[in-house]
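Read off the chains here:
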Amino acid sequence: MAELLPGAARTELQQMVLDHDWSVTSLGPVEDWSPTLRSTVSTVLNSPFGMLLMWGPELVMVYNDRYSALLGPRHPDALGRRVPGVWPDVWEQIREPIDVVFAGGSTYFEDLLLVMTRYGFPEECYFTFSYSPVCEADGRVAGLLNTVVETTSRVLAARRMTVLQRLGSLPRSVHGSSVAACAAALEVLAAARQDAPVAIAYLVGEGDGLVRVASSGVAEDDAVAGSPLHAAVRAVVRDGTAREVSGLAGSLPGLARAGASPVGEAQVDTAVVLPLSLAGAAEPVGAVVIGVSPHLRLDAEYRTFLDLAAGQVAAAVADARAVELERRRTAELAELARARAQFFTEVAVTLQRAVLGPTALPEGFAVHYQPAAGTLEVGGDWYDVVDLPGGRYGVVVGDVVGRGLDAAAVMGQLRSAGRALLLESRSPAHVLSALDRFAALVPGATCSTVFCAVIDPAALTLRYSSAGHPPAVLVDELGRSDLLEGAGGLPLAVLEGDRPEAQVSLPPGSTLLLYTDGLVERRDEAIDEGTTRAVEALVSGRHLATPALAGLLTDQLLADAPDDDVAFLLYRASA
């Protein structure tokens, strides 16, 4: 027998095999062993892989050091005993493959689940192994050679790594709050109940109170309150040290829902309470309770998994708090921006109105001015209504190129000059011709556009002239519209010469609209589309009083916050 083990150094198990009294087994005395049995035992004892030889119909066991580790406390009593007596817990699963081998076949299994009670409880174990026949010289199958590797650690590690990856890849979109983050993390653990049959998350609330925010696998939600487990949670949050709580099968029977383990049903007896610690925080912000599977040993690898899982839950909470802070800051900045924009708009309107003068208007008129969205700039748009002798009115709408104080200064000069010229000449063409000469002398006034008109309410007529300005719109009571383009010309101070002038009738009840291009011009459409939209709005509101009609035009045409200043003037002819 000793000749089968080369070298003088022998392991404890090898020596046990040499010293064993094999005569009391069906193998008989060593000197009576067949060459096949001797050589196979030598192979087993010298192999670095886990090997078990089952010999004869009685399946007597001869195994090596690597295999003895799989036996746990069943070694060394298993040496020389029959397989059914050593492995009663898995005999029903392995008997058929053994019969296949003794019938001349062979078998192979990869990561096969076997439920073993080698440590006193039904344990979830995985093995990759083969059963091969050992034949005597006459071809008879005399034994079975089992080459085996326990893959429990690898299978569990791969399974747990998948859980940790899923926890680590939770999208930030689920982190609407710390509570939502915990709930999302525990949803992942709910799909991994083989390793976390129960999970409960707590966060520190107001007054340092603990708030249960999420759970998975719990049969009764209120079962934990007042239990030793809840006391452990408070202690962990207080000092940041993880704790193991045992005896739950007695104190909290039925804690976990059924269906957690592939092994079968059993009470969760142990749970680990771990702190939720955030980087930079002096104390934990909460704790997570994770139940230990009753079918797995709570070894170092299992503890590492639980620590990492708690770390991922804490990371989700940290991310949620960052998102919450970011959202609050964004909301605060948005509110500040709205307040600033409102302030700037009020300032701009106030300044512009100060330049435009009193808002008291003759009957039948309405005006509106709106600065470009979100700016503090006053602009170059203006309107004016001038009382003329004979009950007539001079009306002007103009637009200076540019924005800001420079444009407003030019606008103020052109408005004052236009008002003076209207009072002197009362001819729109003469006013614009004189403004051409005046604008040529004012820096920044060149290319300004102006629409100038004189309204005679008694004669129901309108005389007008345009210096490159958008055409006025006239709508009668029946809704027929007309663009006043009959006296158009170039903007101010572009060419010298007389300006054209035209006259139209103002039917009783008709409505006149003078406006700057900010009312109808948009970046994403042709100006004709904006003009058509303005005409349609004017037609639809033609029976409204002019102040109400001004509000309608503002709502329908300026709701998209145009990026240019807007000024418009309305006049309703007496019916």
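These lines cover the structure that appears in this document, whether it is placed above or below. Keep in mind the model is a prediction, meaning the values are calculated, not measured.

Details of the overall build of the chain
Now for step 1: A count of helical and extended segments in the chain gives 14 helices and 21 strands.
Now for step 2: Radius of gyration (C-alpha) of the chain: 47 Å, far over the 25 Å computed for a compact globule of 575 residues.
Now for step 3: Dimensions of the chain, computed from the C-alpha atoms along their principal axes, are close to 145 × 60 × 45 Å.
Now for step 4: Going through the 575 residues of the chain one by one, you find that 50% of them count as buried.
Now for step 5: Within the chain, contacts between residues separated by at least 24 positions form 62% of all contacts whose residues are at least 6 apart in sequence.
Now for step 6: For the chain, the accessible area works out to roughly 26,100 Å², and carbon and sulfur atoms hold 54% of it.

A look at the sheet that holds strand 21 (residues 566-572)
Now for step 1: Taken in spatial order, the five strands of this open sheet run 11-21-20-16-17, and their pairing is antiparallel. The outermost strands of the open sheet, each flanked by one partner alone, are strand 11 (365-370) and strand 17 (481-484). Each strand axis lies, on average, 15° off the axis of its neighbour in the sheet, ignoring direction.
Now for step 2: When strand 11 meets strand 21, the two strands line up antiparallel, connected through six bridges. Within the sheet, the bridge partner assigned to His368 lies in strand 21 and is Phe568.
Now for step 3: Its contacts with the sheet place helix 14 (residues 546-557) against strand 11, strand 20 (511-515) and strand 21, and it is angled at close to 145° to strand 21.

Concerning the environment of Thr11
Now for step 1: Locating Thr11 in the fold gives a position in the segment before helix 1 (12-19).
Now for step 2: Thr11 sits in the partly exposed class, given a relative accessible area of 31%.
Now for step 3: Among the polar contacts made by the side chain of Thr11, one reaches the side chain of Asp65 at a distance of 2.7 Å.

So, empty space enclosed by the protein
Now for step 1: The full count for this structure, using the stated rule, is one cavity of 30 Å³ or more.
Now for step 2: Counted as a void, the largest cavity has a volume near 150 Å³.
Now for step 3: Around the largest cavity sit 14 residues that line it, and Tyr67, Trp87, Leu114, Met116 and Asn146 are the ones nearest its centre.
Now for step 4: Elements with a minimum of two residues in the lining of the largest cavity: strand 1 (50-55), helix 3 (65-71), strand 3 (107-116), strand 4 (123-135) and strand 5 (141-150).
Now for step 5: A per-element tally of the lining of the largest cavity places strand 4 first, with three residues.
Now for step 6: Residue classes in the lining of the largest cavity are distributed as 13 nonpolar, one polar and no charged.

Observations regarding the packing of helix 11 (residues 404-425) against helix 12 (residues 428-441)
Now for step 1: Contact geometry for helix 11 and helix 12: axes closest at 9 Å, N-to-C directions at 140°. Taken together, the axes of helix 11 and helix 12 lie oblique to each other. Here helix 11 runs over helix 12; the crossing is right-handed. Of the residues in helix 12, those in contact with Gln413, Leu414, Ala417, Gly418, Leu421, Leu422 and Ser425 of helix 11 are His430, Val431, Ala434, Leu435, Phe438 and Ala439.
Now for step 2: When the residues that make up the contact of helix 11 with helix 12 are grouped by side-chain class, the tally is nine nonpolar, four polar and no charged.

Thoughts on the pattern of salt bridges
Now for step 1: Scanning the entire structure with this criterion turns up 19 salt bridges.
Now for step 2: Taking the shortest distance from any N to any O, the salt bridge between Asp384 and Arg419 comes out at 2.7 Å. With Asp384 in strand 12 (residues 379-388) and Arg419 in helix 11, this residue pair connects regions lying 35 residues apart in the sequence.
Now for step 3: What makes Arg419 partly exposed here is its relative accessible area of 30%.

A word on the nonpolar core
Now for step 1: Membership of the largest hydrophobic core comes to 48 residues, with the highest contact counts inside it found for Met1, Trp22, Met61, Tyr63, Tyr67 and Trp87.
Now for step 2: Of all hydrophobic cores here, the second largest spans 35 residues; its members include Ala196, Val285, Phe305 and Ala310.

Observations concerning the pairing of strand 7 (residues 210-216)
Now for step 1: Where strand 6 (residues 199-204) lies against strand 7, six bridges are found, and the strand directions are antiparallel. Looking across to strand 7, one finds that Leu203 is bridged to Val211.
Now for step 2: Count of turn residues in the strand 6/strand 7 antiparallel hairpin: five residues, of which Gly207 carries a positive phi of about 65°.

What to know about the environment of Ser39
Now for step 1: Within the secondary structure, Ser39 is located in helix 2 (residues 35-46).
Now for step 2: In this structure Ser39 comes out as partly exposed when scored by relative accessible area, which is 40%.
Now for step 3: Ser39 sits 35 residues away from Leu4 along the chain, and the two C-alpha atoms are 7.4 Å apart.

Parameters at a glance
- Residues numbered from 1 in each chain as written.
- Predicted model: local features only at pLDDT ≥ 70, side-chain atom pairs only at ≥ 80, totals over all residues.
- Heavy atoms only, no water.
- Helix = DSSP H or I, 4+ residues; strand = E, 2+ residues; numbered from the N terminus.
- Rg over C-alpha atoms; globule rule 2.2 N^0.38 Å.
- Buried < 20%, exposed > 50% of the residue type's maximum accessible area, 1.4 Å probe, protein only.
- Contact = heavy atoms within 4.5 Å.
- Areas by Shrake-Rupley, 256 points an atom, 1.4 Å probe, with all protein chains shown as cover.
- Pairing = 2+ DSSP bridges.
- Axes fitted to C-alpha atoms, helices over the stretch in contact; angles between N-to-C directions.
- Polar contact = N/O pair within 3.5 Å; in protein donor to acceptor, adjacent residues only side chain to side chain.
- 1 Å grid on protein atoms, 1.4 Å probe; cavity = no way out; pocket = protein on both sides within 12 Å on 5 of 7 lines; lining within 4 Å.
- Points joined across faces, edges and corners; volume = space filled by probe spheres on them.
- Nonpolar A, V, L, I, M, F, W, Y, C, P; charged D, E, K, R; others polar.
- Parallel < 35°, antiparallel > 145°, perpendicular 65-115°, else oblique.
- Left-handed = near helix turned anticlockwise from the far one by under 90°.
- Salt bridge = Lys/Arg side-chain N within 4 Å of Asp/Glu carboxyl O.
- Core = buried A, V, L, I, M, F, W, Y, C linked by side-chain atoms within 4.5 Å.

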